Amino acid sequence: MRYWTTRRRDVLTGYLFIAPQLIGVVLFVLIPVGLAIWYSLNKWNVFTGKQVFVGADHYAALAADPQLPSVLLATVVFSGGVVVLNITLGLLIAVLLNRRFRGATFFRTLFFSPVVVSVVAWTLVWGFLLQDNGGINGLLRAIGLAAPNWLQHGDTAMLSVVVSQVVRSVGVNMVLFLAALQGVPSELYEAARIDGARSRSMFTRITLPLISPTVLLTAIITVVGALQSFAQIAVLTGGGPGLSTTVLVYYVFQQAFEFNDIGYGSTLALMLLSFVMVLTLLQWQLRRKWVFHEQ
Amino acid sequence: MITAKKLVGALALTAAAALTAACGASGTGSDGAKASDVKLRMTVWTSNAEQLKLFDAIGAAYRAEHPEVSSITFESLPFADYNTTLTTQIAGGNAPDLAWMGDLSRDLIASDALVGLTGKLKATAGWQYDDLVDSATKEFSRDGTLYAYPFSNSPFALYVNTDLLAKAGQKIDPKTLTWDQVAAAGAAVHAKTGKAGLVIRDFDYKAWNMLATVWTGFGASAWSQDGKTCTFGSPEMQRAFTFLHDAAFKTGAMPGPGTKADFFAGDAAFTVAQVSRASLLTGSFKFGLYPLPAGPSGRYAVLGQAGVGVLAAGKHQEQATDFLAYLTNPANAAKLAQFFPPPRKSLLTGTKLAANNKKLSAAQLQEVVVGQLPDAVTLPNHTSPAEIAQKGKTALDAMWKPDADIPAVLNSVCAAIEPILAK
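Being a predicted model, the structure only gives us computed values, none of them experimental.

A. Structural detail: the nonpolar core. Residues and elements named next belong to chain B. The biggest cluster of nonpolar side chains holds 59 residues, and the ones touching the most others in it are W179, I200, W215, F232, F241 and F270. Counting residues per element, this core draws most heavily on helix α16 (residues 406–421), at eight residues. In this view, F270 contacts L158, Y159, V160, L165, I172, V182, A185, G186, G197, L198, V199 and F263; residues no more than four positions away in its chain are not counted. Of all hydrophobic cores here, the second largest spans 56 residues; its members include Y129, L146, L324 and A325.

This is the structure we're talking about:
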């Protein structure tokens, strides 16, 4: 009997097609995660390259880290703010720009354009705008309003990083929502209108259910993106004042690469990975309750 | 349907491909450690074209005498990320042969990550080890062995924009100048011209170790001599921070947090900066350069240092040490002195330093470099510098508010950094 049957050839072809992606996953996901687990169990002197196995010491340190509650709080506030604003504003802008009016294309381009700007360049410009004698306070003072020292106080510093992040990235969600909105059949709106439905009802009973798969997608990528936001914090506030804007991913960087504690940094990174996985799985499971599928 | 067996097979295939790729990469990445084909690499944080040109010229001259060294590369890394990049290179098995170093030196020396230099430098004909100034070598030595050559020893000085002072009707006498007088003149300039008074360069309400240029004059220090006890809560430090806090929030002598003002662009009356920063002066205003003003505890001097050492993790320790001895011999040290105040007594005269300096006169260099160097203290330096800097900054952020409780904040700094000092 011949070994290379048609079926086996088809199977091999299939594996060859997915091989590049599999190699990428192994090289850049599985191996790094495996190494992170190994590093989290070792104390590594980066100056000499010596590693000493310390078992669960870093996990015990994680439980006793006095800064971690503040870091987690900042992470929740930052990510929550970014996710809520990004999705609601993205949807709102998409709904407004989905209508036919003069200049719609210009506004779509305008809202999307920050996405293509380098995040560091974008944040540097915001840094200049937000400084005490910067552009935003100049405008506020010119119209007689109070001008806070945005980056020097915990609340306003967090607000600053959230807003700068949302303004930069809301264009991605807007484009995804626009694409979804344009896929909603117009006959449904016409039928609803004939039945006397109001705009609000049409939005909640037709638009939202039909674009709910896109809402799920944007929710997942926005949550993951928010938890991975690093450059905005590093450039704009450096995690301060105090620990008010030190989010988990920035804390990982500090521990691993500034304080040279690769072991503890890896432990924190694994905690961040577990948060991302749990949140993503949770959203995926909850989709059954609110994501609409025509079939 | 894909069975588990097939999935395992596919993963094994990809893993094998990955390993093959990795092995291939490592095979081609090596420069080969053959003694006849030595490639030296030195990390630096300067990107100044003139300075790099000088390094390249010295490297080329060395290679002409040492054909076994096929290249010497000076790798310019951004200053802000320098320590992180260097440690990542070392941890990743890609350590340079030689490296500039600042506050990372303590960690490198404590970890035995640097090659001892004393024996080689003393044994090199004509190197003149005894020519080195003690105050310059102290920071880079342990148990009588020098681990990095202190090639740059730039005292902090007070730069004065005399045009701005004149506009505000202010006069100072540099010989009897005190911090209180500087604050008063700075506040007057700010009130009359809207420009900033005193800017402590690079501090920006973040890099608090730069404040040692002020608090040393108040008799304060960040920690004890042995580096084990935090002294931020001392009465001297409280006086120093009261002075700084008043300047930022009461008199307006210093621009407050979040306000940018660049002395070298003409935006401030005074700045505290290293002598080497004189290269930033463009001639757009008249300036004066003086030693730091006297504090309540009298006259003092503070030094910013950079050293260059040979990394034990480098591939060519012997050749790298030999090149370092060449790079820093008396003839090359004289060439480097045009950019970096040298540690050699024989070169430390105002006239010699001024020979290659386009911005400062022999008298200025004599007063602010030669006169200050022997008794200067360095900026606070300790093992784990980044962690101390970050934890200290996090605590000190509470200081930069108009209603700050100064003693409480200073004690919180000690609470934050003492566990690291005790390590």
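Here the narrative resumes.
B. Up close: a nonpolar patch on the surface. All names here are of chain A. Residues F112, V116, V117, V172, V175, L217 and I221 make up a contiguous nonpolar surface patch of about 520 Å² in total accessible area. Elements represented by at least two residues in the nonpolar patch include exactly α7 (154–181) and α9 (199–227). Here I221 is to be found in helix α9. Relative accessible area serves as the criterion here: at 39%, I221 is assigned to the partly exposed category.

C. View of the interface of chain B and chain A. Each partner contributes to the interface: chain B provides 29 residues, whereas chain A provides 29 residues. A combined buried area of about 2,700 Å² lies between chain B and chain A, and 63% of that area is made up of carbon and sulfur atoms. At the surface where chain B touches chain A, the tally comes to zero salt bridges. For the interface between chain B and chain A, the tally reads seven residue pairs in polar contact (both at pLDDT 80 or more). Contributing elements (two or more residues each) for the side of chain B that touches chain A: α1 (4–29), α3 (82–91), α4 (105–110) and α15 (385–396) of chain B.

D. Representation of the pairing of strand β10 (residues 302–310) of chain B in the model. Residues and elements named next belong to chain B. Judged by how many residues are buried, β10 sits mostly within the fold: nine of nine residues are covered. With burial as the criterion, each face of β10 is covered, one bearing V302, G304, A306, V308 and V310 and the other bearing L303, Q305, G307 and G309. As paired strands, strand β3 (residues 98–101) and β10 are joined by four bridges and run antiparallel to one another. By the bridge assignment, A99 is partnered in β10 with G309. Bridging between strand β6 (residues 149–161) and β10 involves five bridges; their strand directions are antiparallel. Across the sheet, Y149 pairs through a bridge with V308, a residue of β10. By the bridge criterion, two bridges tie β10 to strand β11 (residues 377–378) in an arrangement that is parallel.

E. Molecular detail of the state of the cysteines. Residue and element names in this part refer to chain B. Tallied over the entire structure, the rule returns one disulfide over all chains. Here C230 connects covalently by a disulfide to C414, the sulfurs 2.0 Å from one another. The chirality of the disulfide connecting C230 with C414 is left-handed, given an S-S dihedral of about -75 degrees. Placement of the pair is C230 in the loop between α9 (212–215) and α10 (235–249) and C414 in helix α16, with a sequence separation of 184 residues. Residue classification places C230 among the buried positions, given a relative accessible area of 9%.

F. Region of the structure containing the packing of aromatic side chains. Residues and elements named next belong to chain B. One pass over the full model with this rule turns up 40 aromatic pairs over all chains. Relative to F74, the ring of F55 has its centre 5.2 Å away and its plane inclined at 35 degrees; by these criteria the two rings are tilted. Highlighted residues: F55 in helix α2 (residues 49–65) and F74 in strand β2 (residues 69–76), separated in sequence by 19 residues. Taken as a pair, F55 and F74 share a single burial class, namely buried. Between F241 and W400, the ring centres sit 6.1 Å apart and the planes meet at 35 degrees, which makes this aromatic pair tilted. Remark: W400 occurs in the loop between α15 and α16 and F241 occurs in helix α10; sequence separation between them is 159 residues.

G. Looking closely at the packing of helix α3 (residues 68–97) of chain A against α9(A). Residue and element names in this part refer to chain A. Orientation of α3 relative to α9, taken along the N-to-C sense of each, is 145 degrees, at an axis distance of 10 Å. Like other packed secondary-structure pairs, α3 and α9 cross with a definite hand, here right-handed. Contact with α3, carried on its side by T75, F78, S79, V82, V83, N86, I87, L91 and V95, involves F203, L208, I211, T218, A219, T222, V223, A226 and L227 of α9 and no other residues of that element.

Rules and cut-offs
Residues numbered from 1 in each chain as written. Chains lettered and ligands numbered in written order. Predicted model: local features only at pLDDT ≥ 70, side-chain atom pairs only at ≥ 80, totals over all residues. Heavy atoms only, no water. Core = buried A, V, L, I, M, F, W, Y, C linked by side-chain atoms within 4.5 Å. Buried < 20%, exposed > 50% of the residue type's maximum accessible area, 1.4 Å probe, protein only. Helix = DSSP H or I, 4+ residues; strand = E, 2+ residues; numbered from the N terminus. Contact = heavy atoms within 4.5 Å. Patch = residues over 30% accessible without salt bridge, like charges linked within 9 Å, V, L, I, M, F, W, Y side chains within 5 Å. Areas by Shrake-Rupley, 256 points an atom, 1.4 Å probe, with all protein chains shown as cover. Salt bridge = Lys/Arg side-chain N within 4 Å of Asp/Glu carboxyl O. Buried area = accessible area lost by both parts, 1.4 Å probe. Polar contact = N/O pair within 3.5 Å; in protein donor to acceptor, adjacent residues only side chain to side chain. Pairing = 2+ DSSP bridges. Disulfide = S-S within 2.5 Å. Phe/Tyr/Trp six-rings, centres within 6.5 Å; stacked < 30°, edge-to-face > 60°. Axes fitted to C-alpha atoms, helices over the stretch in contact; angles between N-to-C directions. Left-handed = near helix turned anticlockwise from the far one by under 90°.

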